[in-house]
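# Chain and residue survey
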Amino acid sequence: MEKNELVQQTIPENVSTFEGWIDRNANRIERLAIQYGCTREQARNVTEEVFRSCYLDLLDQREEEWNPITLFHKVVEKLDGMAMEESLDTSFLPFEEDRHLHEKIIHLPRDLKFSLILAMFHEMDDSDIAALLEISVEAVKDAIDQAFLQLAKESDRPQMTKQLEFLKLSYGRLRPTFRKERIFVAEELENEKIIKKKTPKKRMLLWPVGLLILLALIVSSVLTSEDYQKKAAEKYLERFKTLFEDEMSTRYAKLGLPQSTEEDAQNTYLDFYGREAQMEFQNLTRRLEKELQDTGTINRKNAKEQYAAISETLAFPSEMLEKLIKKPLTNDREQSERFIKEYMERYYEFQNAYQMLLSEYPTVIEQAMANGEMDPEQSILPEKIQKAVKGMRTQNIYPTVVPQWHTIVPIFQKNEISAQMRASLHKDLGGYVTLLESTPFVDYPDLAYSYNESIEYLLDMEKSLLASWEGENFYYMLEHSYQELLYTLIGGYEPDLIYGQDGTVKEEVRAAWRTIASNGGTSPSAIILQKIIGEMEANDWAESESQRRVTEYHISHAVLLAKEGRLQNFKLSGIISTGHDSDIVSLPDSQFERLVEDTYERFSVEYDRKVLRDVHPIVIFLMFIMANNHEDIETMEQLFGTLYGSLTFEEYINGWEQVHIDLSQVDHVQFSKSDDNTGTIWVETDRSTSAGAMMIKNLDHIWLVQHFHYEAPIFE
């Protein structure tokens, strides 16, 4: 397994090196789960659970059991026991051909799929794959051959191999989502066991008294004997082992959700609720067993304290909220943000569970919601749904008709409870409560609320975006809702909606824009609207170049600059950074297009590579497109780079047919950096990816086009 990069060493000998071991391996574990067919969230959880299991083994000093294939075994066992979703979101892959191939692979039979993935994407030897899947080496080779046959005709195998290599590159650009802090469990606390034995000090004055004392001593010696203490501890441990199971049963009953069994694991609704706590509890019981074996007794007080800490991780959203209201965090923004993170993770976990259950009875649910509300006592509702509706209400979750989504969704209710939540958090983080209360904010292509309400929600979310930092899913959810709402207010999705019959911007829209623009110089939305209003006023409210040019990416860029205190540098032209290791340029942009043309003209004269130094990869890519349009093969060759195993320019040009690429139909071109020397170009039009390229940086630190492919409709 020398070629394999997934397991770069066995389990580390001590905890201090464990984090580095995670850093080297976790990204590839997460990609393996995605390649097998997991959603991004499932892959994240698989990665966390696998490494948490490794960590528990490390704590129990079981590292001598490890070998380089053990990590794979844990992943395979985890994936084998998972129910994969029938319909997957593959939008994380930028190219359509990658998405189609990914979908074909995840629907392969189990052994074919594992053999192909491990061989092609993780470079594992056939013998290692055979040991991992517990099949013969010949069976592995046959599985790989059969996988290729199901993906393509035998004559197309070389081309399929190339497509798999490109798909591997796309997988390699996926950003990890696993949370390292979720991997570590509380370490074992050391306790000294002090056994106090009482010795009677009274003298025997009379023989009856002496006899009673003697009997007491006999009883005391029995009660304090090692054998008795050990048996009592064993009984305590047996009772202790049932605590977690009993608590989980009680909690599921309160939620109104059926608790899955090992025999019925596929029918679970809360896939991960309690799983981490269960692992911690199992770890605790192992430590108690070891303590009993070593000392003959158990420190019950310590055991109860540790169990209480485990039980705390099972808190319902309602319990978390009760604790917040009793001890508000209005003056602590950092702790408020931590509460939001933990609360929203648990809330969305429960919301998804209830949504899954409701989706099993669409017709009945629709009938029960005929008047806009659901009475859980309605006779038409199955008992299973009645219990769930009662349970979700305890979490301030109610089945709600959402016209924008054309469905019935269990959502957080805006009421006294949500008002108490808002009042108990730091004022800067109220936007997260708004996100819970009022999603969705857009009814495409228009607003879901009035202008006044929409502006209130927008500014509330903006304040929270500027007060918290990215890195968590809840932040990106808030950012997306903010961008979507502001873009709609500007008229981005349907520009005609902001104009009246006279061809000028409606008065109510002007008033809304002025309200946002007056929010101040540190407000991203204010800066954007100030630019648009200035241009509109100069053109009698008939048009604005900034209004046409602005995208969600510009909004994200403005937020990033505001957080960094550089909002004065905001612009709508040229290449901008989105803050996520990616840059973007929106077209048309006459000044930027002239830059591309000038660079092309200067370089194509003598092909002096010095001209290309420090030139952005987007410019290089568009120069390559210009050369293609002009049938300038020589310049295309000069802008083409190769990596080991990739197409040479000769191979590329042999299959090349000149097509005219109409950049006037392009909305924007985005560059996403994979690492310091590689990246991907996306060309998007009408909110879909139509072309792209792999970019590499050569030894002279110049970006070159390594692979280019395209789709309609931007080609003639």
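This report concerns the structure included in the present document. Numbers given for residues are sequential positions, taken from 1 along each chain in its written order. This being a predicted model, a pLDDT of at least 70 is required before a residue's local features are given, and a value of 80 or more before pairs of side-chain atoms are given or counted; all residues contribute to the totals for chains, interfaces and linings. Note that water and hydrogens are dropped before the side-chain values are worked out from all heavy atoms of the structure.

Attention now goes to the overall build of the protein. In DSSP terms, a helix is any run of H or I states spanning at least four residues, a strand is any run of E spanning at least two, and both are numbered starting from the N terminus. Counting secondary structure elements, the protein contains 29 helices and ten strands. Within the span of the protein, comprising 716 residues, buried residues form 49% of the whole. Buried means the residue's accessible area, taken with a 1.4 Å probe over protein chains only, is under 20% of the maximum for its type, while exposed means over 50%, and partly exposed covers the values in between.

This brings us to the packing of aromatic side chains. Any pair of Phe, Tyr and Trp rings, taking the six-membered ring for Trp, is counted once the centres come within 6.5 Å. Such a pair is stacked with planes under 30 degrees apart, edge-to-face with planes over 60 apart, and tilted for the rest. Inspection of the entire model under this criterion finds 26 aromatic pairs. Judged by centre distance (5.1 Å) and plane angle (80°), the ring pair of tyrosine 449 and tyrosine 457 falls under edge-to-face. Taking relative accessible area as the criterion, tyrosine 449 reaches 26% and is therefore assigned partly exposed. Ring geometry for phenylalanine 671 and tryptophan 703: centres 5.3 Å apart, planes at 75°, overall edge-to-face. Of this pair, phenylalanine 671 sits in strand β7 (residues 668–673) while tryptophan 703 is found in strand β10 (residues 703–710), placing the two residues 32 residues apart along the sequence. Comparing phenylalanine 671 with tryptophan 703, the two get one shared label, buried. Connected via pairs of aromatic rings, a cluster forms that spans Tyr236, Phe240, Phe244, Phe281 and Tyr307. Placement of a positive charge over a ring is assigned whenever Lys NZ or Arg CZ falls within 6 Å of the ring centre and within 35 degrees of the normal to the ring plane. Over the face of the ring belonging to tyrosine 36 we find lysine 113, whose NZ or CZ atom lies 3.8 Å from the ring centre. It is arginine 251 that lies over the ring of phenylalanine 316; its NZ or CZ is 4.7 Å from the centre.

Here the focus is the packing of helix α15 (residues 333–358) against helix α17 (residues 383–393). Only the contacting stretch of a helix is used when fitting its axis, a line to C-alpha atoms as for every element, and angles between N-to-C directions run 0 to 180 degrees. Their axes nearest at 11 Å, the elements α15 and α17 cross at an angle of 155°. The pairing of α15 with α17 is recorded here as roughly antiparallel in orientation. Remark: the crossing between α15 and α17 carries left-handed chirality. Between α15, through Tyr354, Leu357 and Leu358, and α17, the contact on the second element is made entirely by Lys384, Ile385, Ala388, Gly391 and Met392. Should an angle lie under 35 degrees it is considered roughly parallel, over 145 roughly antiparallel, and from 65 to 115 roughly perpendicular; all remaining angles are considered oblique. Throughout, a crossing is termed right-handed when the near helix is turned clockwise from the far one, and left-handed when it is turned anticlockwise from it by less than a right angle. Contacts between residues were defined by any pair of non-hydrogen atoms, one from each residue, lying within 4.5 Å.

Let's shift gears to the nonpolar core. Nonpolar core, defined: a set of buried Ala, Val, Leu, Ile, Met, Phe, Trp, Tyr and Cys residues in which side-chain atoms within 4.5 Å join the residues together. Ranked by size, the top nonpolar core spans 103 residues in total, and within it Phe339, Tyr343, Met344, Met421, Trp513 and Ile528 carry the most contacts. At eleven residues, α15 tops the list of elements feeding residues into this core. Apart from residues lying up to four places away in sequence, tyrosine 343 is in contact with Pro317, Met320, Leu321, Phe412, Met421 and Leu436. With 52 residues, the next largest nonpolar core counts Cys38, Val46, Leu101 and Val140 among its residues.

To continue, consider the packing of helix α5 (residues 110–120) against helix α7 (residues 137–151). Closest axis-to-axis distance for the α5/α7 pair is 8 Å, and the angle between their directions is 95°. The angle between the axes of α5 and α7 places the two elements in the roughly perpendicular class. Here α5 contributes Asp111, Leu112, Ser115, Leu116, Ala119 and Met120 to the contact with α7, which in turn contributes Val140, Ala143, Ile144, Gln146, Ala147, Phe148, Gln150 and Leu151. Residue type decides the class: Asp, Glu, Lys and Arg count as charged, Ala, Val, Leu, Ile, Met, Phe, Trp, Tyr, Cys and Pro as nonpolar, and the leftover types, Gly among them, as polar. Among the residues forming the contact of α5 with α7, the class breakdown is ten nonpolar, three polar and one charged.

In what follows, salt bridge is the name for a side-chain nitrogen of Lys or Arg lying within 4 Å of a carboxyl oxygen of Asp or Glu. Tallied over the entire structure, the rule returns 29 salt bridges. Its salt-bridge partner being glutamate 345, residue arginine 179 comes within 3.1 Å of it at the nearest N-O pair. On the criterion of sequence distance, the pair formed by arginine 179 in the loop between α8 (157–172) and α9 (207–223) and glutamate 345 in helix α15 is long-range, its members being 166 residues apart. Classification of arginine 179 as buried rests on a relative accessible area of 9%. Residue classification places glutamate 345 among the partly exposed positions, given a relative accessible area of 27%. Connected through shared salt-bridge partners, Glu48, Arg179, Lys341 and Glu345 make up one network.

Take helix α20 (residues 451–467) next. With 17 residues, α20 ought to run about 24 Å at 1.5 Å a step, and its terminal C-alpha atoms sit 24 Å apart, in line with that. Turning to α20, its buried residues are Tyr451, Ser454, Ile455, Tyr457, Leu458, Asp460, Met461, Glu462, Ser464, Leu465 and Ala467. An expected span of 1.5 Å times one less than the residue number is assigned to each helix.

Going from threonine 439 to proline 440, the amide bond is cis rather than trans, its omega being 0°. Considering the arrangement of structural elements, one finds proline 440 in the loop between α19 (430–438) and β3 (442–443). Omega for the peptide link from tyrosine 444 to proline 445 comes to 0°, which places this bond in the cis form. Inspection of the secondary structure puts proline 445 in the loop between β3 and β4 (446–447). A positive phi angle, close to 60°, is found at asparagine 396, a residue other than glycine. The residue asparagine 396 is located in the loop between α17 and β1 (397–402) in this model. Although it is not a glycine, histidine 701 sits at a positive phi angle of roughly 65°. Among the secondary structure elements, histidine 701 is positioned in the loop between β9 (688–697) and β10. Using a relative accessible area of 58% as the deciding quantity, one classes histidine 701 as exposed.

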